[in-house]
Amino acid sequence: MRVLFATPECAPLTKTGGLGDVSAALPAALRALGHDVRVLLPGYPAVLGALPQAHEAARLELLGEQARLLDAGELLLIDCPALYLRDGGPYQDAQGADWPDNPRRFGLLSRVAALLSGGASPLEWRPQVLHCNDWPCGLAPVYLSFETSRAAAVMTVHNLAFQGVFDPAWLRSLALPVATFSIEGVEFYGKLSFLKGGLAYADAITTVSPTYAREIQTEELGCGLDGLLRARRDALSGIANGIDTDAWDPQRDAHLAQTYGRWTLERKSANKEALQRRLGLAVDAGRPLLGTVCRFTEQKGIDLVAEAADELLALPAQLAILGTGERRYEEALGAAAARHAGSLGLVVGFDEALAHLIEAGADLFLMPSRFEPCGLNQMYSQRYGTLPVARSTGGLADTVSDGETGFLFQRATAAELAAAVRRALEVWRDARRWRDMQRRAMERDFSWAAPARQYAALYSRLARWQPA
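Criteria and cut-off values
Residues numbered from 1 in each chain as written. Predicted model: local features only at pLDDT ≥ 70, side-chain atom pairs only at ≥ 80, totals over all residues. Heavy atoms only, no water. Axes fitted to C-alpha atoms, helices over the stretch in contact; angles between N-to-C directions. Helix = DSSP H or I, 4+ residues; strand = E, 2+ residues; numbered from the N terminus. Parallel < 35°, antiparallel > 145°, perpendicular 65-115°, else oblique. Left-handed = near helix turned anticlockwise from the far one by under 90°. Contact = heavy atoms within 4.5 Å. Nonpolar A, V, L, I, M, F, W, Y, C, P; charged D, E, K, R; others polar. Phe/Tyr/Trp six-rings, centres within 6.5 Å; stacked < 30°, edge-to-face > 60°. Buried < 20%, exposed > 50% of the residue type's maximum accessible area, 1.4 Å probe, protein only. Lys NZ or Arg CZ within 6 Å of the ring centre and 35° of its normal. Pairing = 2+ DSSP bridges. Right-handed = clockwise from strand over helix to strand, strands pointing away.

Undergrad: Hey, could you run me through the packing of helix α10 (residues 269-278) against helix α13 (residues 352-361) in this one?
TA: Any two packed helices are characterised by how steeply their axes cross, that is the angle between the axes, and by the distance between the axes. One can describe the packing of α10 onto α13 by two numbers: an axis separation of 8 Å at closest approach and a directional angle of 130°. By the criterion of interaxial angle, the relationship of α10 to α13 is oblique. As α10 packs across α13, the resulting crossing turns out to be left-handed. Where α10 approaches α13, its residues Asn271, Lys272, Ala274, Leu275 and Arg278 are matched on the opposing element by Leu354, Leu357, Ile358, Ala360 and Gly361. In terms of residue class, the contact of α10 with α13 is made up of six nonpolar, two polar and two charged.

Undergrad: Would you explain the packing of aromatic side chains in this entry?
TA: The description of two aromatic rings rests on the distance between their centres and on the angle between their planes. The final tally for this structure, using the stated rule, is ten aromatic pairs. Where Tyr455 meets Tyr459, the ring centres are 6.3 Å apart and the plane angle is 35°; that geometry is what we call tilted. A residue pair is termed a helical-turn pair when its members lie 3 or 4 positions apart in one helix, as Tyr455 and Tyr459 do in helix α18 (residues 449-462) at four residues. Judged by its relative accessible area of 2%, Tyr455 is buried. Members of the aromatic cluster, each reached through a chain of ring pairs, are Tyr91, Phe106, Trp135, Phe166 and Phe194. The lysine or arginine in question, Arg86, covers the ring of Trp99, its NZ or CZ lying 4.8 Å from the ring centre. Positioned above the aromatic ring of Tyr143, the side-chain terminus of Arg111 is 5.5 Å from the ring centre.

Undergrad: Explanation requested: the sheet that holds strand β9 (residues 187-188) in the structure shown.
TA: Backbone-to-backbone hydrogen bonds pair the strands of a sheet. The strands run either parallel or antiparallel. One open sheet holds the three strands; their spatial order is β8-β10-β9, and the pairing between them is antiparallel. Of all strands in the sheet, those with a lone pairing partner are β8 (165-166) and β9, marking the two edges. Looking at chain direction, β8 and strand β10 (residues 191-193) are connected through two bridges and run antiparallel. In the strand pairing of β10, Phe166 is matched with Leu192. The sheet strands contacting helix α7 (residues 194-201) are β8, β9 and β10, and the helix crosses β10 at an angle near 55°.

Undergrad: Mind showing me how you'd approach the pairing of strand β1 (residues 2-6) here?
TA: Looking along a regular strand, one sees side chains alternate from face to face of the sheet. Taken across its five residues, β1 has four buried, putting it largely inside the fold. Sheet topology note: the β1/strand β2 (residues 36-42) ladder contains five bridges and is parallel. Counted as the bridge partner of Val3 is Val37 from β2. Following the backbone out of β1, through helix α1 (residues 18-32) and into the adjacent parallel β2, one traces a crossover that is right-handed. Relative to strand β6 (residues 129-133), β1 runs parallel, the two sharing four bridges. Its bridge partner lying in β6, Ala6 is registered against Cys132.

Now the structure itself:
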């Protein structure tokens, strides 16, 4: 299969979240199965700087912009200094404000993706499938629909809450036919929605877990697009993400105080002690240690952790928390840490080494998300024998087996979170049952191999290509 994978970010070149990881891992897993996958990415300064060997493959004039298409082997880069040569991140400036011309910046990404997937492509290499990711690539299926000879288009939603909604005045400069601005197209409550366009025009829609695919068809989690998604349910499927099993391997993890495996779990305790010391907690193997690493947002349910903190610590237990986000949550957790010195360790910010140590050193990992398209930490946790306590939603429901490899609860309340922790600690106090659950969790295969096979099967059902 020949696949063009269009994305606004790809680790390690540029990354703001999980999409960057997926954009590196999924194409690599597909190549391991023998497929020819090329990633299309904007030429941000960090990307161009990391790939000096990239050579010009074509000159482009699209949407009134002059650009070059650079070939770096498995990567195709859009070199357009007017749109991409600037400080800051892919979507925002150095002060955290959205670039005002984001519609144009990602309109060009979408337009180039469609060009390379149609009969007018300047390249000899022609994909059978164009795989578009999130709203920055949402217009690609729209543009592609006007090509007479084209690849099939797959639209993947990594988080429906981010939709790329802009003033309709952009329609003209994006060279979109007026007919596309309709309830069946890119129009969304009088605005222009990149993501809605992709959902309406793609040949297939995927999202990053089967349960989330069902949830986004409901009014509660459909973010205003549930009607369209229900109408397109026959084209919609969910494929759970994998994780990087090399980076997240307790037997080889250089960030740990002591590596271990499922048959050497007694060595895990060294990481608990190291974590307790790192966060200024009382060193006590007999007290359960609960960990969490997340963005401090309502979506992640960090407010539930803050609300339940007094009750959890009185069990007695300890809390290890790493993350950053909304100030109100940082302040609430900071106040709890001040009340419980020696029992609640809080680090505001991001620390990769500490994130790994929390996964290894905690006994339980808390993920009380209100919604979670897929989630990664619950898979890391199981791989590390740190059983997740998670809300039964999205990818959490699909990847955690209640009572087998972790503990699920239903309602997003502090009381239900605390009740689930108490239920987990009943097992934790039974050493044999706990070891059995840890080993079952650690045996699970969360690699990208199975998701890649599912995507390849989808591609094969859709694949088309006619010569120009």
